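# Architecture at a glance
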Amino acid sequence: MTNTDSKIKLDIKKIQLDFPILSREVRNNRKLIYLDSAATSQKPQVVIDAQNNFYETINSGVHRGAYYLAELATDAHEHAREIIASFVNIKPDQLVFTKNATESLNLLSYSFLNATLKAKYGTDVDKRLILNPGDEILVSELEHHANLVPWQELCLKTGAILKWIPITEQGILDYSKIESLINPKTKIVSVSHMSNVLGSITDIALVGKAAKSVGAFFFIDACQSVPHMPVDFSKLGADAIAWSGHKMLGPLGIGLLAATEELLEIMPPFISGGSMIETVSMQKSTFTKAPKKFEAGTPPAAEAVGLGAAVEYLQKIGMENVHNHERHLTKLMVEGLKNIEGVTIYGPTDDQDRGSTVSFALNGLHPHDVGQVLDDMGIAVRVGNHCARPIMDKLKVQSTTRASTYIYNDDSDIQALLEGIDEVFRFFGSK
Amino acid sequence: MQLSNMYQEVILDHYKTPRGKGLQSPFGGEAHHVNPTCGDEITVRVLLSDDGKTIKKISYDSTGCSISQASASIMFEQVDGKSIDEFDKASNEFLAMMQSKGNFEPNEDLLGDGISMIGVAQYPARIKCALLSWMAAKDAIIRANGDK
């Protein structure tokens, strides 16, 4: 079913009909113009139906119970795992369901802490996961807090040192600095694939090669990339990638971790309890294999099934087509914003490959006020620091206004944004 | 346009020409408050009378949206030189107004230009912007009294 013809012209009007929320009115009976998909995407009817169908017809505990419904629910849950795993070209057992991408990244960071602590108290663990004071963890300056704070915390608990790759004026990693930042003490390199603020795309091959040259683990925050472009895990050279379901047309409450079989084998459990064990006595327990080793407790099965439907929906459109459509919208948006006097765009503005998340400022106006006037016209954009405060410091701004697109946005949405910005300037009399 | 309920002329005026902005010394208590979602920040300083019952001087410095900036300016006008009792009454009245969803008859004697913020109460995402300066002032007063 996968549509790989990159030249296909998508019927966006038809796609929009699949998303019931797009037909509702918002403030002042205005049509909703949703430009905040980098925060969370809207859901097509097939996803809502898949989730409802789970509750209406097969709801029961998965991986427990030998009765008919439990079998159906378990099958549906594991089938969703197969669909999502194939989407990023991994085996189903390489895919761990979590609550969200933040939890996926915490799973990784806690694996190092747990291994380090367990080793200290006599448990046999893989030495590559043990951190010693003075070991180094490398991130970048454009990380979302989710790929920064867990590593800061890990440093505080192990004595490791956090380093970061700076960003350039254009908002991309300053690759020339990597060589001086990476050394045999570097144990972990974790960077985002695409900035959730600036839309800039990281040269993963380059960073991954540097990480591997010193034997470090290489992780990727793929929250903004997997929903918007084709991503093949095997081609990234990463040990693990984390992303979330709700940003790719799926339900809230389900996140993902894809990892190499080796890493999943050596990492100790993160959250422990039921479903992740083999044998339990009052003295000790042994653990089952990945992915279930990392899925303690009753899993969000309906959410997994909903996400499976979302992935099938994206596969029918074809990720190349999604990416090309968004490239088109990004170009319209960036060119349009460039042509409005008094607008400053943050991040790449030339024709290089970039994501459809565009941050900007209206000179002299606070983003909160910008967002409020746009909202009055039915236009939903994000304002604030986008959970990436260090980028704000680098840009020397307090916050930005951010517009981001997805497959259901069309040229008229971008036009509405550009006209809306003119209206913002008029409203505050600053032009 | 409904939006003009929020952005009343008097608010935009305080935003464009803020009253009393700039930190002053000496002071007895200082508080720094941040709205983590939008990054708005304010520092408020207060100097109390020896008996701790009067705000001899209040000063502030802040960055943020029009609502938070205008609110700080209005707060300064209303409470500078007033008694703690008057501050508490004004601050409670302002909080009640902001939590009212707009169904409120604000007391102009207590709030002055602050009554113009009633429109903001209809926008839940902006209530914190309006409250930021008042909450910081409250904290600064508590700290100033704690040092006595």
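These numbers were taken from a predicted model, which means no experiment stands behind them. (Residues numbered from 1 in each chain as written. Chains lettered and ligands numbered in written order. Predicted model: local features only at pLDDT ≥ 70, side-chain atom pairs only at ≥ 80, totals over all residues. Heavy atoms only, no water.)

### Here we look at the pattern of salt bridges
Residues and elements named next belong to chain A. One pass over the structure, following the stated rule, counts 25 salt bridges over all chains. Among the salt bridges present, the one from R27 reaches D375, with a minimum N-O distance of 2.4 Å. Within this pair, whereas R27 is found in the loop between β1 (25-26) and β2 (30-31), its partner D375 is found in helix α12 (residues 367-376), the two being separated by 348 residues in sequence. With relative accessibility at 31%, the residue R27 sits in the partly exposed group. The exposure class assigned to D375 is partly exposed, which follows from its relative accessible area of 22%. Taken together, the shared-partner salt bridges in this structure form one network comprising E78, R81 and E295. (Salt bridge = Lys/Arg side-chain N within 4 Å of Asp/Glu carboxyl O. Helix = DSSP H or I, 4+ residues; strand = E, 2+ residues; numbered from the N terminus. Buried < 20%, exposed > 50% of the residue type's maximum accessible area, 1.4 Å probe, protein only.)

### Details of the environment of V62(A)
All names here are of chain A. Following the sequence through the fold, V62 ends up in the loop between α2 (45-58) and α3 (68-87). Classification of V62 by relative accessible area gives buried; the value is 2%. Taking the C-alpha atoms as reference, V62 lies 4.5 Å from T74; in sequence the two are 12 residues apart. In contact with V62, other than residues within four places in its own chain, are A73, T74, H77, P299 and A301. (Contact = heavy atoms within 4.5 Å.)

### Description of the pairing of strand β14 (residues 357-362) of chain A
Residues and elements named next belong to chain A. Taken across its 6 residues, β14 has 6 buried, putting it largely inside the fold. Both faces of β14 are covered, namely the face carrying T357, S359 and A361 and the face carrying V358, F360 and L362. Pairing of strand β13 (residues 343-346) with β14, which is carried by 4 bridges, proceeds in the antiparallel orientation. Each bridged residue has a counterpart across the sheet, and for V343 the counterpart in β14 is L362. (Pairing = 2+ DSSP bridges.)

### Thoughts on the confidence of the model for chain A
On average, residues of chain A score 94 in pLDDT, and 97% of them reach the 70 mark or higher. Under a pLDDT of 50 for its full length, residues 1-6 of chain A has, in the predicted model, 13 contacts with residues more than four places off or in other chains. (pLDDT = per-residue confidence, 0-100.)

### Considering the sheet that holds strand β16 (residues 382-384) of chain A
Residue and element names in this part refer to chain A. As summarised here, the arrangement of the 4 strands in space is β13-β14-β17-β16, forming an open sheet in which the pairing is antiparallel. Unpaired on one side and paired on the other, β13 and β16 mark the two borders of the sheet. Along the sheet, successive strands turn relative to each other by an average axial angle of 30°, direction set aside. Pairing analysis gives 4 bridges linking β14 to strand β17 (residues 400-404), with the strands arranged antiparallel. Across the sheet, the residue bridging to F360 is T401, located in β17. Strand contacts of helix α11 (residues 319-338): β13, β14 and β17, with the helix running at about 15° to β14, the strand carrying the most contacts. (Axes fitted to C-alpha atoms, helices over the stretch in contact; angles between N-to-C directions.)

### Topic: the nonpolar core
Counting residues in each nonpolar core, the largest one holds 79 residues, and the members touching the most others are I241(A) and W243(A). Setting aside residues no more than four positions away along its own chain, I241(A) makes contact with I220(A), A222(A), V226(A), V231(A), F233(A), L236(A), L256(A), L257(A) and A258(A). (Core = buried A, V, L, I, M, F, W, Y, C linked by side-chain atoms within 4.5 Å.)

### Observations concerning the packing of aromatic side chains
Residue and element names in this part refer to chain A. One pass over the full model with this rule turns up 15 aromatic pairs over all chains. When the ring of F19 is compared with that of Y313, the centres are 5.9 Å apart and the planes differ by 85°; the resulting orientation is edge-to-face. Here Y313 lies in helix α10 (residues 301-317) and F19 lies in the loop between α1 (12-17) and β1, a separation of 294 residues in the sequence. For the residue pair F19 and Y313, the accessibility class agrees, reading buried in each case. (Phe/Tyr/Trp six-rings, centres within 6.5 Å; stacked < 30°, edge-to-face > 60°.)

### Details of the interface of chain B and chain A
With 23 residues of chain B at the contact, the number on the chain A side is 18 residues. Both sides together, the interface formed by chain B and chain A hides about 1,700 Å², and carbon and sulfur atoms give 50% of it. Here chain B and chain A share 2 salt bridges between them. Put simply, chain B and chain A have 10 residue pairs in polar contact (both at pLDDT 80 or more) between them. Going through the elements one at a time, α1 (3-6), α2 (9-16), β2 (40-48), α3 (66-79) and α6 (124-146) of chain B are the ones with two or more residues in the side of chain B that touches chain A. Classifying every residue of the side of chain B that touches chain A by side-chain character gives 13 nonpolar, 6 polar and 4 charged. (Buried area = accessible area lost by both parts, 1.4 Å probe. Polar contact = N/O pair within 3.5 Å; in protein donor to acceptor, adjacent residues only side chain to side chain. Nonpolar A, V, L, I, M, F, W, Y, C, P; charged D, E, K, R; others polar.)

### Some points on unusual backbone geometry
For residues other than glycine, phi is negative in most cases, and the peptide bonds are mostly trans. Cis geometry is adopted by the peptide bond preceding P291(A), which originates at A290(A) and carries an omega value of 5°. Note on placement: P291(A) falls in the loop between β12 (285-287) and α10. Going from S25(B) to P26(B), the amide bond is cis rather than trans, its omega being 0°. Here P26(B) is to be found in the loop between α2 and β1 (29-35).

### With respect to the packing of helix α4 (residues 84-98) of chain B against α6(B)
The axes of two packed helices give the description: the angle between them and the distance between them. All names here are of chain B. One can describe the packing of α4 onto α6 by two numbers: an axis separation of 11 Å at closest approach and a directional angle of 155°. As far as their axial angle goes, α6 and α4 are roughly antiparallel. Pair α4 / α6 crosses with left-handed handedness. Facing I84, F87, A90, S91, N92, F94, L95 and M98 of α4, the residues of α6 in contact are I127, A130, L131, W134, M135, A137, K138 and I141. A breakdown of the residues in the contact of α4 with α6 according to their chemical character gives 13 nonpolar, 2 polar and 1 charged. (Parallel < 35°, antiparallel > 145°, perpendicular 65-115°, else oblique. Left-handed = near helix turned anticlockwise from the far one by under 90°.)

### So, helix α4 (residues 101-120) of chain A
In this model α4(A) runs 29 Å from its N-terminal to its C-terminal C-alpha over 20 residues, within 8% of the 28 Å that 1.5 Å per residue would give. Of the residues one or two after α4(A), G122(A) is the one with positive phi, at around 95°. (Expected span 1.5 Å × (residues − 1).)

### Some remarks on the sheet that holds β1(B)
Residues and elements named next belong to chain B. Across the sheet, 3 strands lie side by side as β1-β2-β3; this open sheet has antiparallel pairing. Edge positions in the sheet fall to β1 and β3 (55-63), since each has one partner strand and no second. The mean inter-strand angle of the sheet, taken between neighbouring strand axes irrespective of direction, is 15°. Bridge count between β1 and β2: 7 bridges; the pairing is antiparallel.

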